[in-house]
Amino acid sequence: MRRFDQYPPESEEETQLHAFFQNLKNGRFTTTRCEGCGKVWWPPRTICPNCITSNLEWVELPKNGRLKLYTVCQREKGVEPVVLGIVEIGGLHIPSKINASIEEIEEGMELFLEIENLEDGRVIYAFSKQE
Ligand SMILES: [Zn+2]
């Protein structure tokens, strides 16, 4: 039994979006584009909500974008707060952890993709100020 954790399952047995995580492991930030209507979706889909088709292809996104908005989550005093934000990339609004301090965070700032390796072999993405 898998205990609860905050990160999504990534294996081929657990998710049809396995390719997203595999691409991320290989340094590629990807999502799906519908081959019918051409719409690029975030998050990646298994079915296009416009066309109700599973004819989707993986497309690569830029690895940088702009911080649209953010919030600071302080779980308890003395613990480093976590910044969560919406990063605008190619017209998509992508929720993400932002690796930046409260002092340097600013709406509109340019952010770069960061791929973080979890201890169990999974990968997650975040964005930070440095390329
Ligand atoms: Zn479509």
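Refer to the structure printed above.
It should be emphasised that the depicted structure is a prediction, and the values quoted were computed from it without experimental measurement. (Residues numbered from 1 in each chain as written. Predicted model: local features only at pLDDT ≥ 70, side-chain atom pairs only at ≥ 80, totals over all residues.)

A.B. asks: It is not clear to me how the pairing of strand 4 (residues 64–73) should be interpreted in this structure. Could you clarify?
C.D. replies: Regular strands place side chains that alternate from one sheet face to the opposite one. Bridging between strand 4 and strand 7 (residues 110–117) involves 3 bridges; their strand directions are antiparallel. Bridge pairing links Asn-64 to Phe-112 in strand 7. Sheet analysis places strand 4 next to strand 5 (residues 82–89), joined by 7 bridges and oriented antiparallel. Within strand 5, the residue paired with Cys-73 across the bridge is Val-82. (Pairing = 2+ DSSP bridges. Helix = DSSP H or I, 4+ residues; strand = E, 2+ residues; numbered from the N terminus.)

A.B. asks: Quick question: what am I supposed to make of unusual backbone geometry here?
C.D. replies: Phi is mostly negative for residues that are not glycine, and the peptide bonds are mostly trans. Of note, the amide linkage connecting Trp-42 to Pro-43 takes the cis form, showing an omega dihedral of 0°. With respect to the helices and strands, Pro-43 occurs in the loop between strand 2 (40–41) and strand 3 (56–60). A positive phi angle is found at Ile-52, which is not glycine, with a value near 50°. Residue Ile-52 is classed as exposed on the basis of its C-beta count, with 8 C-beta atoms lying within 10 Å. (Buried ≥ 20, exposed ≤ 12 C-beta atoms within 10 Å, placed from the backbone.)

A.B. asks: Looking at this structure, how should I read the sheet that holds strand 8 (residues 123–128)?
C.D. replies: Adjacent strands of a sheet pair through backbone hydrogen bonds, lying either parallel or antiparallel. With mixed pairing, the 5 strands of this closed barrel are ordered in space as 4-5-6-8-7. Strand after strand, the sheet turns through a mean of 50° between neighbouring axes, direction not considered. (Axes fitted to C-alpha atoms, helices over the stretch in contact; angles between N-to-C directions.)

A.B. asks: Would you mind going over the pairing of strand 7 with me for this structure?
C.D. replies: Looking at chain direction, strand 7 and strand 8 are connected through 6 bridges and run antiparallel. Across the sheet, Phe-112 pairs through a bridge with Ser-128, a residue of strand 8. Joining the antiparallel neighbours strand 7 and strand 8 is a turn of 5 residues, in which Gly-121 adopts a positive phi near 100°.

A.B. asks: Just checking my understanding: could you explain the environment of Glu-107 for this structure?
C.D. replies: In this fold, Glu-107 is placed in the loop between strand 6 (92–99) and strand 7. For the pair Glu-107 and Tyr-70, spaced 37 residues apart in sequence, the C-alpha to C-alpha distance is 7.3 Å.

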